[in-house]
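Now for the letters of each chain:
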Amino acid sequence: MKVAIGCDHGGLELKEGIVVLLNSQGTEIIDMGTGDCCSEAGRPASVDYPDYGAKVAKAVSAGEVDCGILVCGTGIGMSIVANKFPGVRAALCHDAFTAKMSRMHNDANILAIGGRVTGREVALDMVGIWLSTPFEGGRHQRRLDKISDIEKTSLSV
Ligand code: RB5
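Attention here is on the structure that accompanies the text.

Rules and cut-offs
Residues numbered from 1 in each chain as written. Predicted model: local features only at pLDDT ≥ 70, side-chain atom pairs only at ≥ 80, totals over all residues. Heavy atoms only, no water. Near = heavy atom within 4 Å. Polar contact = N/O pair within 3.5 Å; in protein donor to acceptor, adjacent residues only side chain to side chain. Areas by Shrake-Rupley, 256 points an atom, 1.4 Å probe, with all protein chains shown as cover. Nonpolar A, V, L, I, M, F, W, Y, C, P; charged D, E, K, R; others polar. Helix = DSSP H or I, 4+ residues; strand = E, 2+ residues; numbered from the N terminus. Contact = heavy atoms within 4.5 Å. Axes fitted to C-alpha atoms, helices over the stretch in contact; angles between N-to-C directions. Parallel < 35°, antiparallel > 145°, perpendicular 65-115°, else oblique. Left-handed = near helix turned anticlockwise from the far one by under 90°. Pairing = 2+ DSSP bridges.

### Describing the site of the ligand
Every residue close to the ligand is listed here: Asp8, His9, Tyr49, Cys72, Gly73, Thr74, Gly77 and Arg116. Between the ligand and the protein, one listed contact pairs an oxygen atom with a side-chain N or O atom of Arg116 at 3.4 Å. Relative to its free-state accessible area of 290 Å², the ligand is covered by the protein chains to the extent of 71%. The residue inventory of the shell around the ligand, partitioned by class, reads 2 nonpolar, 4 polar and 2 charged.

Pasting the structure below:
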């Protein structure tokens, strides 16, 4: 499985923890930044989340990776950006249950997490659950097909 990961300054610390976790499990990760550049105050330099969200979402949309993980302060900005890309189903999750359901019912292909609102251990647990939970299909596929139809018609408006 190939996973793209990205963050802004608000998600950098958590993203680094996720990268360490996935590396230790042998998962192939493509880290699309931001990196560990620091401002003069010793904090991560402020960057714009759309730049990094777009990189990861573009790779998922193009099928270059199997899925993506995005982290910003709240996860909100990253999920908004990612869902602009065709075929992307980005889910902003806050706990194990929402992470699991986003795979089972929504076949989410990007997991968005808020590095300032979700505790580190909860977030790492969510990542493991999200990557290992399969889509249920069935009635949920019918609903995803409707989302695809909406995407096609909205793009032609
Ligand atoms: C950055 O300060 C913050 O706005 C960003 O990380 C994110 O929370 C946006 O949704």
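### Considering the environment of Gly33
By secondary structure assignment, the location of Gly33 is in the loop between strand 2 (28-31) and helix 2 (49-61). Residues Gly33 and Glu13, spaced 20 residues apart in sequence, show a C-alpha to C-alpha distance of 12 Å. Apart from the residues within four sequence positions on either side, Gly33 is in contact with Ile5, Gly6, Cys7, Lys15 and Tyr52.

### Side note on the packing of helix 1 (residues 12-24) against helix 5 (residues 120-132)
Between helix 1 and helix 5, the least distance of the axes is 10 Å, while the angle of their chain directions is 50°. The pairing of helix 1 with helix 5 is recorded here as oblique in orientation. Here helix 1 and helix 5 pass one another in a crossing that is right-handed. Between helix 1 and helix 5, the contacting residues are Glu13, Leu14, Gly17, Ile18, Leu21 and Leu22 on the first element and Arg120, Ala123, Leu124, Val127 and Leu131 on the second. Taken together, the residues that form the contact of helix 1 with helix 5 break down as 8 nonpolar, 1 polar and 2 charged.

### Thoughts on the sheet that holds strand 4 (residues 90-92)
With parallel pairing, 5 strands are arranged side by side in an open sheet as 2-1-3-5-4. The sheet is open, and its two edges are formed by strand 2 and strand 4, each paired on a single side. Across this sheet, the average inter-strand angle for adjacent strands is 20°, counted without regard to direction. As paired strands, strand 4 and strand 5 (residues 110-114) are joined by 3 bridges and run parallel to one another. By the bridge assignment for strand 5, Ala91 is matched with Leu111. In the packing of helix 5 onto the sheet, the strands contacted are strand 1 (2-7), strand 3 (67-72) and strand 5, and the crossing angle to strand 5 comes to about 170°.

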